[in-house]
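Here's the letter readout for the chains.
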Amino acid sequence: MTREKIFPINEPFYEIPHITTFKEMIDRSEKLYSSRPAYRLRNKDGVYYEVTYKKFRHDIYYLGNSLINDGYSRAHIAVVGASSYKWEVTYLGVACSNNVIVPIDKELMIDNMMDILKDSDSVMLFGDKKYITAIEKRKDELPEGFKFCCFDNIEAEGVLKFDDYVQAGRNIYHDGNKNLYGVTVDKDAISAILFTSGTTGVSKGVCLSQYNICFDVTSVLGVVKVNPEDSCLSVLPIHHTYECTVGFFAFITSGACISFCRGLRYIVQDMAEVKPTIFVAVPLMIEKFHARIMKKIKAKNAGRVVFKVGKYASRAGRLLGTNKVGRSLFNEVIQTFGGRLRLIVTGASAVDPRVVEDFITMGVDIYIGYGLTETSPLLSCTNDKLMLTNSVGTPIPGVEMKIHNPDDLGVGEIWARGPMVMKGYYKNPEATAQVLTPDGWFRTGDLGVVDENNCYRITGRCKNVIVTKNGKNIFPEEVELYLNNNPFIEESMVYGEESGNDETTVSAQIYPNYEMIKENLKRQELTQEEIRNSIAEAIKEVNQKLPNYKKIMKFDVRENEFIKTTTKKIKRQANIDEQKAAKEAEAQENTETKE
């Protein structure tokens, strides 16, 4: 074992606004940016219009007025739906009126949503018509007096309309009853309960205070500059704390402008119309963009050579302190993102370093963040003064991080401490005690290493580590990186399978890149044998780069994409269980056929 490395807490290099509650956040933004656009939204006719910070704050306050007038105080109120202006007004209206917001993943089954409503002790639900209609039909399963408020026009008995509810709050205000204005919010009280979908399938309610989240937001802004002139296109699910903190609160605090993507199939068109300067995305999304860009470049005459020369020229420009060379040489790529994109922020899972390097070469910086819902979420990131391709950067200001009990290679579990750490899991003290130490450290469950500059690199999850009979540790994520770099492999999942004599076999599930295999074999259609042979060849190449104990000994080819969380992380156990069930069903069918 090596000794734990202790580093001083990082300091910000930009002035951090003093904000401890959402009310302070929105009051400050309205004061500084009153007439500036907080949102640029698309109406049903496809025409964009702006919502100023002044109107945004008023809508939040009016909604809060209605909630207070209806007697809600410290009540748990849920919200479900697509990312939208009304969703974000609801979040802040609930929280600023001294209630507790419970965001729900819209991709969940209705049964799961019902479970969250019950487990969270929610008494009201805001949301899109689709979900309100489905859940309202089962209102008998919910507490007596449970209320619904729909974002869309709906004619259903007992269901409130969002616009009417906000207008009622406005009327209350103009009648002289300024309820919300007099509310004092406890910055340390539970203000949000977020149920993590996670990669294990086990959902827990993460309890965060307003100070947890506000600390994280302002700390990030201490190392990443966001300006009032910036704009973003919101693509990720807003219920997730990553998008909520980075793609919502950080922009609102900075006076920037938010627009919403209509869906992934419209993303290119929406980018052309919105012209964002900052894009918050998960690695899978960025890697798919990169693959399309590189395919276009390679299809051009001497495209590979031009790109290579351009990379050298861009690097030379970077050494001189400018990214204008890259942006000029690769202007066509920049135009794909609307023409103004300067920064991509990513996290939630590992990103290919080569992809990061290529985007930086083309004049678009990529910052990589690391964190968990339990830490509000950001713990570390690369930033305006730290550009790395294979690291999640250094802890954000005010956050302590360390590698607990590092092994001889310096690998150990990442622990974190600071004001952004959750209050605990809702009504689950046992699970809370498993991850929070008495002296305030949060056990992340992630394995990593830290270098002499206090920069962290994630090597895997504690529970994913494959341990061989000889005591060797294999990190699946490391092997997956090799696999995913092969052009014939779209995605992979590596895991250990127990075999005879207590041996552990390194196995993999592979989702092929069917288009690349077709292109290579010059086929319009592929046989199962051709697909398997192509993947076998790819694995053979990967195995040549790995020591014997890490070599992949078994693999299965998937016809469909992996089961994932809404932030596109592969659910390992769910996919293993699915594959096991499919094999058992096939074996049963073969047995019955023989009989």
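Keep in mind that what you see is a predicted model, and the values were worked out from it rather than measured. (Residues numbered from 1 in each chain as written. Predicted model: local features only at pLDDT ≥ 70, side-chain atom pairs only at ≥ 80, totals over all residues. Heavy atoms only, no water.)

Draft legend 1. Summary view of the layout of surface pockets. Each pocket or cavity is described by its volume, and for the second largest pocket that value is around 430 Å³. Those elements that provide at least two residues to the lining of the second largest pocket are α18 (528–543), β26 (554–557) and α19 (572–594). Examining the composition of the lining of the second largest pocket, we find that five residues originate from one element, α19, more than from any other. Grouping the constituent residues of the lining of the second largest pocket by class yields four nonpolar, three polar and eight charged. (1 Å grid on protein atoms, 1.4 Å probe; cavity = no way out; pocket = protein on both sides within 12 Å on 5 of 7 lines; lining within 4 Å. Points joined across faces, edges and corners; volume = space filled by probe spheres on them. Helix = DSSP H or I, 4+ residues; strand = E, 2+ residues; numbered from the N terminus. Nonpolar A, V, L, I, M, F, W, Y, C, P; charged D, E, K, R; others polar.)

Draft legend 2. Summary view of unusual backbone geometry. Looking along the chain, the bond that leaves Ser-376 and enters Pro-377 is cis, with omega of -10°. Mapped onto the elements, Pro-377 comes out in the loop between β14 (365–371) and β15 (378–381). For Arg-74, which is not glycine, the phi torsion reads 60° and is therefore positive. Exposure remark for Arg-74: the relative accessible area of 35% places this residue in the partly exposed category. For Asp-121, which is not a glycine, the phi torsion comes out positive at approximately 60°. Relative to the elements of secondary structure, Asp-121 occurs in the loop between α4 (110–119) and β5 (122–127). (Buried < 20%, exposed > 50% of the residue type's maximum accessible area, 1.4 Å probe, protein only.)

Draft legend 3. Main features of empty space enclosed by the protein. Summed over the entire model, instances satisfying the criterion amount to three cavities of 30 Å³ or more. Of the pockets and cavities examined, the largest cavity occupies roughly 160 Å³. Around the largest cavity, the lining comprises 16 residues; the ones closest to its centre are Val-220, Val-224, Val-226, Val-246 and Val-345. For the lining of the largest cavity, the elements supplying multiple residues, two or more each, are α8 (241–254), β13 (343–346), β14 and β15. Looking at the lining of the largest cavity residue by residue, the class counts come to 14 nonpolar, two polar and no charged.

Draft legend 4. Fine view of the environment of Ala-350. Within the secondary structure, Ala-350 sits in the loop between β13 and α14 (353–361). Given the relative accessible area of 66%, Ala-350 is considered exposed. Contact partners of Ala-350, with chain neighbours within four places excluded, come to Pro-283 and Glu-287. (Contact = heavy atoms within 4.5 Å.)

Draft legend 5. Seen up close, the packing of helix α3 (residues 85–96) against α8. Taken N-terminus to C-terminus, the directions of α3 and α8 make an angle of 95°; their axes are 12 Å apart at the nearest point. In terms of axis orientation, α3 runs roughly perpendicular to α8. Across the interface between the two elements, Glu-88, Tyr-91 and Leu-92 of α3 pack against Cys-244, Phe-248 and Phe-249 of α8. When the residues that make up the contact of α3 with α8 are grouped by side-chain class, the tally is five nonpolar, no polar and one charged. (Axes fitted to C-alpha atoms, helices over the stretch in contact; angles between N-to-C directions. Parallel < 35°, antiparallel > 145°, perpendicular 65-115°, else oblique.)

Draft legend 6. Quick look at the sheet that holds strand β25 (residues 504–512). Overall, mixed pairing links the three strands, which are arranged β24-β25-β26 in an open sheet. Among the strands making up the open sheet, the edge pair consists of β24 (489–498) and β26. Between one strand axis and the next, the sheet turns through 25° on average, direction left out of account. Across nine bridges, the pairing between β24 and β25 is antiparallel. Looking across to β25, one finds that Ile-489 is bridged to Pro-512. (Pairing = 2+ DSSP bridges.)

Draft legend 7. Region of the structure containing the pairing of β13. Neither face of β13 is left uncovered, since the one carrying Leu-343 and Val-345 and the one carrying Ile-344 and Thr-346 both have all their residues buried. Examined bridge by bridge, strand β12 (residues 278–281) and β13 share four bridges and lie parallel to one another. In the sheet register, Val-280 faces β13, and the bridge partner there is Val-345. A crossover links β13 with its parallel partner β14, the connecting element being α14, and its sense is right-handed. (Right-handed = clockwise from strand over helix to strand, strands pointing away.)

Draft legend 8. The side chain of Ser-29, seen in detail. Turning to its location among the elements, Ser-29 is positioned in helix α1 (residues 22–33). Overall, Ser-29 belongs to the buried group, its relative accessible area being 0%. A polar side-chain atom of Ser-29 sits 2.6 Å from the main-chain carbonyl oxygen of Ile-252. In this view, Ser-29 contacts Ser-34, Tyr-53, Ile-252 and Thr-253; residues no more than four positions away in its chain are not counted. (Polar contact = N/O pair within 3.5 Å; in protein donor to acceptor, adjacent residues only side chain to side chain.)

Draft legend 9. Spotlight on the pattern of salt bridges. The full count for this structure, using the stated rule, is 28 salt bridges. For the salt bridge of Glu-497 with Lys-554, the shortest nitrogen-to-oxygen distance reads 3.1 Å. Placement of Glu-497 in strand β24 and of Lys-554 in strand β26 is noted, with a sequence separation of 57 residues between them. Under the relative-accessibility criterion, Glu-497 is labelled partly exposed at 24%. Where salt bridges share partners, they join Asp-111, Lys-118, Arg-138 and Glu-141 into one cluster. (Salt bridge = Lys/Arg side-chain N within 4 Å of Asp/Glu carboxyl O.)

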